[in-house]
Amino acid sequence: MQFLLGLSRAVDRFGEWVGQFVRWLVLAAVLISAGNAIMRKAFDISSNAYLEIQWYLFAGVFMLGAGYVFLKNAHVRIDFISSRLSLRTNTIIDILGIVLVIFPLCWMMIELSWPLFRGAWISGEVSSNAGGLIRWPVLLLLPLGFALLVLQSASELIKRIAYLTGHNPHPFPVEQEKSAEEQLLEELQAQAAVQDASKQPQAR
C-alpha cells in the first residue's frame, strides 16, 4: 500500500502542475477576449480565429481542469446529504462512484473521441468559418482531458482505500473539509474581531 500511496502522491504533484497550467489558460482567454472586443469596437477589426481560440481555451480549462478539481475535492456534491453521512460512508460512496461511473465513462469517452482527433489530425481539418483554426488541437482535449481524469481518479481511489484500511489518516484534502461558504464566514468573523479589537481603548 505504501508503494501505491507513493504513486498517488506523484500523480497529485502532476495534477497540481496541470492545475497551475490551466490558470494561465484562463488568463489567456480573458486577454484575447478583451483584446478582440477592443479591436472590434475601436478599429472595426475582427477575425473568426480570435473567436475560436477563445472557445479552444475555454474547452481546455474545463477538460484539462477536471482532474485538478477532483484532486482538490471541489466537485459538486449533494451537501445536504453528504454532510449527514459519516466520513467512512462518504468514502465508500466515492469508491463506488469512481469504479462504477468515472472509470467506465472516461473509457467510453476516450474510445469515442480518439478517432475524431485522429481523423482531424490526418486530414488536417480546418474550421469551415473564414479565417478559422485547425480542429485537431481542440479535439485532442477530449481524450486528453478524460485521460487526466482517469489518472487522478486512480489516485483518489488509492487514497480512499488506504483510508478504509488504516493506511491513510484522511481520504480528502484537509483544506476542503469546510465548504467555501464556511471558510468565507470564518474569514469575515476573523476580520470583524480584529476591527473590534482595534476600536477598543488601550489600557493605560
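As a reminder, the structure under discussion sits directly above these lines.
Residues numbered from 1 in each chain as written. Predicted model: local features only at pLDDT ≥ 70, side-chain atom pairs only at ≥ 80, totals over all residues. Heavy atoms only, no water.

### Some thoughts on the packing of aromatic side chains
Part 1 of the argument: Taken as a whole and assessed by the stated rule, the structure comprises eight aromatic pairs.
Part 2 of the argument: Relative to phenylalanine 62, the ring of phenylalanine 58 lies with its centre 4.8 Å away and its plane at 55°, an arrangement referred to as tilted. Separated by four residues within a single helix, phenylalanine 58 and phenylalanine 62 lie in helix H2 (residues 48-71), roughly one turn from each other. Each member of the pair, phenylalanine 58 as well as phenylalanine 62, is classed as exposed.
Part 3 of the argument: An angle of 75° between the planes, with centres 4.8 Å apart, marks the rings of tryptophan 121 and tryptophan 136 as edge-to-face. Taken together, the positions of tryptophan 121 in helix H4 (residues 87-123) and tryptophan 136 in helix H5 (residues 136-164) put the pair 15 residues apart, joining distant regions of the chain.
Part 4 of the argument: Here the aromatic residues Trp114, Phe117, Trp121 and Trp136 are joined through ring pairs into a cluster of three or more. (Phe/Tyr/Trp six-rings, centres within 6.5 Å; stacked < 30°, edge-to-face > 60°. Helix = DSSP H or I, 4+ residues; strand = E, 2+ residues; numbered from the N terminus. Buried < 20%, exposed > 50% of the residue type's maximum accessible area, 1.4 Å probe, protein only.)

### Looking at the environment of valine 11
Part 1 of the argument: Along the chain, the position of valine 11 falls in helix H1 (residues 2-43).
Part 2 of the argument: Residue valine 11 is classed as buried on the basis of its relative accessible area of 16%.
Part 3 of the argument: Through-space distance from the C-alpha of valine 11 to that of alanine 154 is 8.9 Å; in sequence the pair is 143 residues apart.
Part 4 of the argument: Apart from the residues lying within four places of it in its own chain, the contact partners of valine 11 are Leu151, Gln152 and Ser155. (Contact = heavy atoms within 4.5 Å.)

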